Amino acid sequence: MREALDATAAGMGRQEPVVYDPAAIAGLGERQRGVALDLSLLAEQALERGPYSVVEKRSVAPSGQLHDYWHPAPYWWPDDTKADGLPYVRRDGKRVPGTNFNDPESDLYDRVRLKAMFDDTTYLAIAARVHGEPRFAAHAAALVRTWFISPETAMTPHLHYAQVRMGHNGNQGPGSGIIEFRDLFYFLDAVRLLEGAGALTAADVAAFRGWLRAYADWLQSSKAGQRECRALNNHGTFFDVQLGAIAAYLGDRALADQICARLPQRIAEQFEPDGTQPQEVARADVRHYVCFNLYAWTSLARIVRAFGVDLWRMRDTEGRGLESAFAWLIRADARHRWSEAGNVMFRTHRMAPLWRDCHAHFPSLTGAPHPSDAALKRILYPNFDIVPLWGLTRV
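Residues numbered from 1 in each chain as written. Predicted model: local features only at pLDDT ≥ 70, side-chain atom pairs only at ≥ 80, totals over all residues. Heavy atoms only, no water.

The secondary structure content of the protein chain amounts to 17 helices and 4 strands. Among the 395 residues that make up the protein chain, the fraction classed as buried is 56%. A separation of at least 24 residues holds for 72% of the contacts in the protein chain among residues at least 6 apart in sequence. In the structure as shown, the protein chain presents an accessible area of about 16100 Å², 53% of it carried by carbon and sulfur atoms. (Helix = DSSP H or I, 4+ residues; strand = E, 2+ residues; numbered from the N terminus. Buried < 20%, exposed > 50% of the residue type's maximum accessible area, 1.4 Å probe, protein only. Contact = heavy atoms within 4.5 Å. Areas by Shrake-Rupley, 256 points an atom, 1.4 Å probe, with all protein chains shown as cover.)

Written out as structure tokens, the structure reads:
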């Protein structure tokens, strides 16, 4: 493992994207004219939004500090039998107002605003690279400065108040809310593009790197972060996606080594030899969670490639690994094992990124559908568990 990391030291901390494919981005101008036009439209729309800040929310974290990221646990409600409603109780499947992405009250909290910042910055940075349009890069840089750098608007580098269950844990999140920052990994590619375009000053870059370092330290030292790191399901995977992306951006060799060293354990904990994901198939919405966790694993595979590690081929002596996980997915999809509660709303084309990866990395597996042009087109637009503009990612 150490030799593999040493062999790719120059690949860490680089300006070129880790998740997105620079060649695919460069090819948009002519070979994929329609997609390039869609990208322009997304960027033009993003110009009309933001900058976003945690201080804009209409409520405040239990700390009383607007700069603290704040989002309540979506299924935890006041206890009607208590005068003060505390401690909150779980009502599974019934979301607290403001915790849905399309909820008009979502401006009470920070989750939707955070997602918009990640996505808009990505559209603008990629469009700036494709079209050479300075206003796209300038607005994207303003989004970065506002959320992470400017003292008046910046978020404090922790997630103490993500998915808070009031009356529990001192009114701090138990760690599960860390997953709300999972999209950081592709956003860091957008920041790389902005650096390459000169849209961020040296002082901006230094301040942003300082924020990331403080956040990474919190992830590793806090009880919430340590608990999330130990999670045996998609929460543990997305924890490593976040931390791995930060390690790649900062060029932190020791942190990269630490993440790669626990990959075999993660595989052993999360997969059975036949590819089953026990923690995910135990959920009511099986297809969503199986695919959700595989999105995390395929994103992690792209990230650790920067460290010289081929996660696609990694497997233990009993066959646990991504190949067997995809084989299980193919079998389950062919048998239409998706009748569980909630899956009726699952859009089939959301699996297209997984099928593309399967064909690219496991061509010997038969039965994986080929994503149609229509599916590729639909999936171009954002979905909270799929990388925006996913067709431009590395394979």
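Let us keep going from here.
Attention shifts here to the nonpolar core. Within the largest apolar cluster, 114 residues are counted, with the highest numbers of intra-cluster contacts made by Trp-147, Phe-148, Phe-181, Phe-187, Tyr-215, Phe-307 and Leu-311. Examining the composition of this core, we find that 13 residues originate from one element, helix α14 (residues 286-305), more than from any other. A domain-level breakdown of this core finds at least three residues from each of domain 1 (1-28 + 247-394) and domain 2 (32-230). If you look at the next biggest cluster of nonpolar residues, it comprises 6 residues, including Ala-61, Leu-108, Tyr-161 and Val-164. (Core = buried A, V, L, I, M, F, W, Y, C linked by side-chain atoms within 4.5 Å. Domains from an automatic or database assignment.)

Moving on, we come to helix α7 (residues 184-196). For α7, with 13 residues, the first-to-last C-alpha span of 18 Å sits near the 18 Å given by 1.5 Å per residue. Of all 13 residues in α7, 12 are buried, a share of seventy percent or more. What α7 keeps buried is the set Leu-184, Phe-185, Tyr-186, Phe-187, Leu-188, Asp-189, Ala-190, Val-191, Arg-192, Leu-193, Leu-194 and Glu-195. Tucked inside the fold, the buried residues of α7 contact α2 (22-26), α5 (111-131), α6 (134-149), α8 (202-221), α10 (234-250) and α14. (Expected span 1.5 Å × (residues − 1).)

Applying the stated rule across the entire model yields 19 aromatic pairs. With a centroid separation of 5.7 Å and an interplanar angle of 45°, the aromatic rings of Phe-326 and Phe-362 are classed as tilted. Of the two residues, Phe-326 is situated in helix α15 (residues 322-334) and Phe-362 in the loop between α16 (352-361) and α17 (373-378); the sequence distance between them amounts to 36 residues. Residue Phe-326 shares its accessibility class with Phe-362, and that shared class is buried. Clustering of aromatic rings is evident, with ring pairs tying together Tyr-69, Phe-118, Phe-148, Phe-181, Phe-187, Phe-208, Trp-211, Tyr-215, Trp-218 and Tyr-249. Across from the ring centre of Trp-77, 4.9 Å away, lies the NZ or CZ of Lys-94, which sits over that ring. The side chain of Arg-283 reaches across the aromatic face of Tyr-289, ending 3.9 Å from its centre. (Phe/Tyr/Trp six-rings, centres within 6.5 Å; stacked < 30°, edge-to-face > 60°. Lys NZ or Arg CZ within 6 Å of the ring centre and 35° of its normal.)

Time to look at unusual backbone geometry. The step from Gly-50 to Pro-51 runs through a cis peptide bond, and the omega angle for that step is -5°. Relative to the assigned elements, Pro-51 resides in the loop between α4 (33-47) and β1 (71-72). The omega angle of the peptide bond from Leu-86 to Pro-87 is -10°, so this bond is cis rather than trans. Along the chain, the position of Pro-87 falls in the loop between β2 (76-77) and β3 (89-90). The phi torsion at Leu-389 lies on the positive side, around 55°, for a residue other than glycine. Tracing the sequence through the fold places Leu-389 in the segment after α17.

It helps to recall that an α-helix has 3.6 residues per turn; residues three or four apart then point in one direction. Those residues of helix α12 (residues 263-270) not exposed but buried are Leu-263, Arg-266, Ile-267 and Gln-270. On an axial view of α12, the arc spanned by its buried residues comes to 100°, and they lie on one face. Residues of α12 that are buried in the fold lie against α9 (223-229), α10, α11 (253-261), α13 (278-281) and α14. (Arc of directions from axis to C-beta.)

Let us now look at the side chain of His-361. Along the chain, the position of His-361 falls in helix α16. With a relative accessible area of 10%, His-361 lands in the buried category. Setting aside residues no more than four positions away along its own chain, His-361 makes contact with Arg-305, Trp-312, Arg-313 and Val-395.

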